[in-house]
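Analysis of the macromolecular model
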Amino acid sequence: MASGAVALMARLDERLTAAADPVRAPAMRAYMRDQFPFLGVSSPAVRQVLRAALAGQPRPDAATLREVALTCWTRDEREYQYAACVLLRRHARVLDSGFLDTARCLITGKPWWDTVDALAAHVVGPLVARDRGLVTTMDAWAADDDLWLVRTAILHQLTYKAATDAPRLLRYCAAQAGHPDFFVRKAIGWALREYGKTDPAAVRAFVAAHAAELSGLSRREALKHLS
């Protein structure tokens, strides 16, 4: 690991350990259905820890971001993955198209909605927006057997608003409308609901046209603010 990544990880280790609250940790673990151990550091505190770890350090380059993120993913406690997500989001403009392969490793390693959603909207989304050649990878992920890659493909345009590639989004939603997993069904509804803020008529029309295939959850989420 390069010196910049080693230094940042050392500062992150020190500060997360100091901020740990073993009293809070069990409730945080229970909220995430016992998927991961926790140190007991709240999300606002994780952001504060990261700011302190970065203070006075050189701005991380793409290689440092990659190494730190992958190292955080080797740690057991979930706050390390949260810190990596915040770090990547903060420096998303530094990442090049090749980071998409690393993003895939993060998405499919220790996957749960908390990190997957952050990576989808704030890391993968910006990468694809800057390099439209990556949409072919999104097409592949949207049809993958891994539900978290499917969820990422559906959600990667979540912040695009008027720049949304609507035909692609609607195609993904239609193709996965019958998916049996809750997290994919929820993603479909959420993505449609967000796009509905830009083009409510298109979302209403899509839901009406695919009412038989869409789950009740997807329909309710999509139309939540359009009734």
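The following refers to the structure shown.

Focus: the layout of surface pockets
Estimated volume of the largest pocket: approximately 460 Å³. Looking at the largest pocket, it is lined by 19 residues, and the ones nearest its centre are Ser 43, Arg 47, Tyr 82, Asp 114 and Ala 118. Contributions of two or more residues to the lining of the largest pocket are made by helix H2 (25–31), helix H3 (43–54), helix H5 (78–90) and helix H7 (113–130). Of the residues forming the lining of the largest pocket, the biggest block, five residues, is contributed by H7.

Observations concerning unusual backbone geometry
Notably, Asp 34 is not glycine yet its phi reads approximately 60°, a positive angle. Positionally, Asp 34 belongs in the loop between H2 and H3.

A look at a positive patch on the surface
A surface patch of positive charge is lined by Arg 47, Arg 51, Arg 89 and Arg 90. Mapped onto the positive patch, the elements with two or more residues apiece are H3 and H5. Tracing the backbone through its elements, the reader meets Arg 51 in helix H3. Overall, the relative accessible area of 44% leaves Arg 51 in the partly exposed class.

What to know about the pattern of salt bridges
One pass over the structure, following the stated rule, counts 15 salt bridges. Ionic pairing is found between Arg 168 and Asp 165, a salt bridge with its closest N-O pair at 2.6 Å. A residue is classified by how much of its surface remains accessible, and Arg 168, at 15% relative accessible area, is buried. The structure contains a network of salt bridges with shared partners spanning Arg 132, Asp 139, Asp 165, Arg 168 and Arg 171.

What counts and what doesn't
- Residues numbered from 1 in each chain as written.
- Predicted model: local features only at pLDDT ≥ 70, side-chain atom pairs only at ≥ 80, totals over all residues.
- Heavy atoms only, no water.
- 1 Å grid on protein atoms, 1.4 Å probe; cavity = no way out; pocket = protein on both sides within 12 Å on 5 of 7 lines; lining within 4 Å.
- Points joined across faces, edges and corners; volume = space filled by probe spheres on them.
- Helix = DSSP H or I, 4+ residues; strand = E, 2+ residues; numbered from the N terminus.
- Patch = residues over 30% accessible without salt bridge, like charges linked within 9 Å, V, L, I, M, F, W, Y side chains within 5 Å.
- Areas by Shrake-Rupley, 256 points an atom, 1.4 Å probe, with all protein chains shown as cover.
- Salt bridge = Lys/Arg side-chain N within 4 Å of Asp/Glu carboxyl O.
- Lys, Arg positive; Asp, Glu negative; His and termini not counted.
- Charge placed at Lys NZ, Arg CZ, Asp CG, Glu CD.
- Buried < 20%, exposed > 50% of the residue type's maximum accessible area, 1.4 Å probe, protein only.

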